[in-house]
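Results of the structural survey
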Amino acid sequence: MNYRYATILAKKSLGAAGTETIDINIKDPISRLEIAWRPTLADVAMLAALAAGITKVELVDGSDVLHSVDGRENQALCLYDRHSPTMNNGCLYNGGEAYATLGIDFGRFLYDPELAFDPTKFRNPQLKITHDRAAIGASTSTHYLEVFAHCFDEKAISPVGFLVAKNLYTYTPAAENAYEYIDLPTDLPIRQMLIRGYQAEQDPTDVVDELKLSEDNDKRVPFDMNLEFYVQRMKGVWRELIEGLDEYVDPQGNYDKFVTPTDLRTVYVALGAAADVVQPIVTDGYIKGGYVKRKCGGSTMAAQGFVKGYLPHHCIQVPFGLQDDLSDWYDVTKLGSLRARLLSGAQYSGAEVSVILQQLRRY
């Protein structure tokens with residue numbers, strides 16, 4: 001067979017917050033590493049989206065960091081790359097075993113013959129997964145981890161390199177309409193950038209208002225836009241996220257849940273098990289920031305529903321060039337300097353802004 005689906009880590013029960021270090025003992029080229037985190041919810045209300053329970057995903061080779069993002073940033077990269085509607089199996093009720101999938105995509109698509117991770121070119125590659133079960137709910141105790149690898153088996157390939165992704169810079173805005181200047185690396189071509197404006201229950205474009213990219217001290221400005229209007233235009237490019245969830249609803253709206261889409265126009269639809277109508281509780285007239293809260297007219301009851309929207313985990317994608325063409329990506333290696341300028345928005349207070357880059361690393 002051309003390909004092999006290998007188990008890197010069999011289902012393992014985890015304890016309190018910590019880091020699992022897993023040696024990559026595979027010699028065949030790897031197209032994708034797939035991580036599954038399986039928590040059993042133990043609280044009526046959630047504190048954050050499922051992927052928040054994975055606080056960091058790293059691939060390292062000694063001191064060389066090849067991949068480093070948190071769980072929500074990881075899912076956002078995968079969703080933009082794969083054009084899939086979700087990466088979660090949303091059993092979000094007290095006692096339900098949820099299933100959150102994360103991954104490291106080394107190629108443009110699964111089994112990309114040109115881009116793959118070749119473990120033989122490294123001395124001691126290790127996957128490090130840092131977890132905190134209490135991040136999604138204070139009472140969460142039972143949770144498991146699994147890791148799989150999509151490998152090339154009988155099919156011989158000669159990959160020219162692989163994709164690396166890192167959280168380059170994170171900061172807390174100091175004030176509304178304040179500029180933050182970030183020097184971007186010019187060592188590797190950039191395939192895409194994510195701007196993450198995180199504030200619970202807020203649209204990310206209310207946290208980061210504008211993005212400008214400047215080459216060689218404004219000799220060339222390839223991007224200078226208001227992000228709210230940019231997002232509205234990109235809805236004609238991105239695939240809409242659709243995520244199902246099973247939950248409980250009560251008249252007081254006590255069952256807070258967090259989901260993947262975070263844009264201002266996120267839509268929630270639910271059907272109750274009884275005749276009572278399930279209604280969303282909105283903030284300022286909207287469901288936003290990945291926060292979903294519902295109520296019903298009768299007693300507590302089970303409900304099924306789904307959310308539809310964009311901007312996974314507060315991340316706004318800026319793709320560079322044709323995403324399937326290696327030669328068309330942003331070749332910053334020819335530049336003397338590259339700087340990003342971010343302008344904070346009205347919801348800056350207590351927010352966290354991050355810049356994540358996905359780059360091409362050649363062998």
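Predicted model only: the values in this text are computed from it and were never measured.

Right, let's talk about the overall build of the protein for a bit. Within the protein one finds two helices and 24 strands. A compact globule built from 363 residues should have a C-alpha radius of gyration of about 21 Å, and the protein, at 21 Å, falls within 12% of that. If you line up the protein on its principal axes, its C-alpha atoms span 60 × 50 × 35 Å. Out of the 363 residues belonging to the protein, those deemed buried represent 55%. Of the contacts made within the protein by residues no fewer than 6 positions apart, 82% connect residues no fewer than 24 positions apart.

Turning next to the environment of Val-221. Secondary-structure assignment places Val-221 in strand β14 (residues 220-226). Each C-alpha atom, one on Val-221 and one on Arg-339, is 9.8 Å from the other, the two residues being 118 residues apart in sequence.

Take the sheet that holds strand β11 (residues 179-183) next. With antiparallel pairing, the four strands of this open sheet are ordered in space as β11-β23-β13-β14. Because the sheet does not close on itself, it has two edges, and the strands there are β11 and β14. Within this sheet the neighbouring strands show an average axis-to-axis angle of 15°, counted without direction.

Turning to unusual backbone geometry, a few remarks are in order. In this structure, Asp-216 takes a positive phi of about 45° despite not being glycine. Mapped onto the elements, Asp-216 comes out in the loop between β13 (208-215) and β14. Although it is not a glycine, Asp-218 sits at a positive phi angle of roughly 70°. Here Asp-218 falls in the partly exposed class, since its relative accessible area comes to 41%.

The strand order across the open sheet built from eight strands is β2-β8-β4-β5-β10-β24-β12-β22, with neighbouring strands paired in mixed fashion. Only two strands of the sheet have a single neighbouring strand rather than two, namely β2 (18-23) and β22 (315-319). Across the sheet, the mean angle separating the axes of adjacent strands is 25° when strand polarity is ignored. Pairing geometry for strand β12 (residues 190-198) and strand β24 (residues 352-362), over eight bridges, is antiparallel. Counted as the bridge partner of Ile-195 is Val-355 from β24.

The next thing to look at is a nonpolar patch on the surface. The grouping of Ile-242, Val-267, Val-269 and Phe-306 at the surface amounts to a nonpolar patch, some 290 Å² of accessible area in total. Mapped onto the fold, Ile-242 is located in strand β15 (residues 241-249). For Ile-242, a relative accessible area of 38% translates into the label partly exposed.

Another aspect to go through is the pairing of β22. Most of β22 is tucked away, with four of its five residues classed as buried. As defined by bridge partners, β12 adjoins β22 across five bridges and the pair is classed as antiparallel. The residue bridging Leu-194 from the neighbouring strand is Gln-317, located in β22.

Before going further, it helps to spend a moment on the pattern of salt bridges. Across all of its chains, the model carries 19 salt bridges by this definition. Put simply, Arg-196 and Asp-70 hold a salt bridge, and the shortest N to O gap is 4.0 Å. With Arg-196 in strand β12 and Asp-70 in the loop between β5 (64-69) and α1 (71-82), this pair connects stretches of sequence that are 126 residues apart. Judged by relative accessible area, which is 1%, Arg-196 ranks as buried. Glu-215 is paired through a salt bridge with Arg-220; the nearest N and O atoms lie 3.0 Å apart. By relative accessible area, Glu-215 is classed as buried at 5%.

Our focus in this paragraph is the packing of aromatic side chains. All chains considered together, the criterion is met by 19 aromatic pairs. Both rings, one in Phe-162 and one in Tyr-363, keep their centres 5.5 Å apart while their planes meet at 35°; by these two values the pair is tilted. Within this pair, whereas Phe-162 is found in strand β10 (residues 161-171), its partner Tyr-363 is found in the segment after β24, the two being separated by 201 residues in sequence. With centroids separated by 6.2 Å and ring planes inclined at 80°, the aromatic side chains of Tyr-230 and Trp-238 adopt a geometry described as edge-to-face. The pair Tyr-230 / Trp-238 is uniform in exposure class, with both members buried. Aromatic rings pair up to connect Phe-106, Phe-117, Phe-122, Phe-162 and Tyr-363 into one cluster. Positioned over the ring face of Tyr-198 is Arg-72, at 4.9 Å from the centre of the ring.

Formed by 51 residues in total, the largest nonpolar core has its most connected members in Ile-30, Leu-33 and Leu-127. When near neighbours in sequence (up to four residues on either side) are disregarded, Leu-33 contacts Ile-8, Ile-24, Leu-102, Gly-103, Ile-104, Phe-106, Leu-127, Phe-148 and Ala-149. Ranked by size, the runner-up nonpolar core spans 39 residues in total, among them Leu-213, Phe-223, Cys-315 and Ile-356.

Residue placement: Lys-212 occurs in strand β13. Looking at Lys-212, the relative accessible area reads 15%, which means it is buried. Side chain to side chain, Lys-212 and Asp-218 meet in a polar contact 3.3 Å long. Every residue in contact with Lys-212, bar those within four places of it in the chain, is listed here: Asp-218, Val-221, Phe-223, Asp-224, Arg-339, Ala-340 and Arg-341.

What counts and how
Residues numbered from 1 in each chain as written. Predicted model: local features only at pLDDT ≥ 70, side-chain atom pairs only at ≥ 80, totals over all residues. Heavy atoms only, no water. Helix = DSSP H or I, 4+ residues; strand = E, 2+ residues; numbered from the N terminus. Rg over C-alpha atoms; globule rule 2.2 N^0.38 Å. Buried < 20%, exposed > 50% of the residue type's maximum accessible area, 1.4 Å probe, protein only. Contact = heavy atoms within 4.5 Å. Pairing = 2+ DSSP bridges. Axes fitted to C-alpha atoms, helices over the stretch in contact; angles between N-to-C directions. Patch = residues over 30% accessible without salt bridge, like charges linked within 9 Å, V, L, I, M, F, W, Y side chains within 5 Å. Areas by Shrake-Rupley, 256 points an atom, 1.4 Å probe, with all protein chains shown as cover. Salt bridge = Lys/Arg side-chain N within 4 Å of Asp/Glu carboxyl O. Phe/Tyr/Trp six-rings, centres within 6.5 Å; stacked < 30°, edge-to-face > 60°. Lys NZ or Arg CZ within 6 Å of the ring centre and 35° of its normal. Core = buried A, V, L, I, M, F, W, Y, C linked by side-chain atoms within 4.5 Å. Polar contact = N/O pair within 3.5 Å; in protein donor to acceptor, adjacent residues only side chain to side chain.

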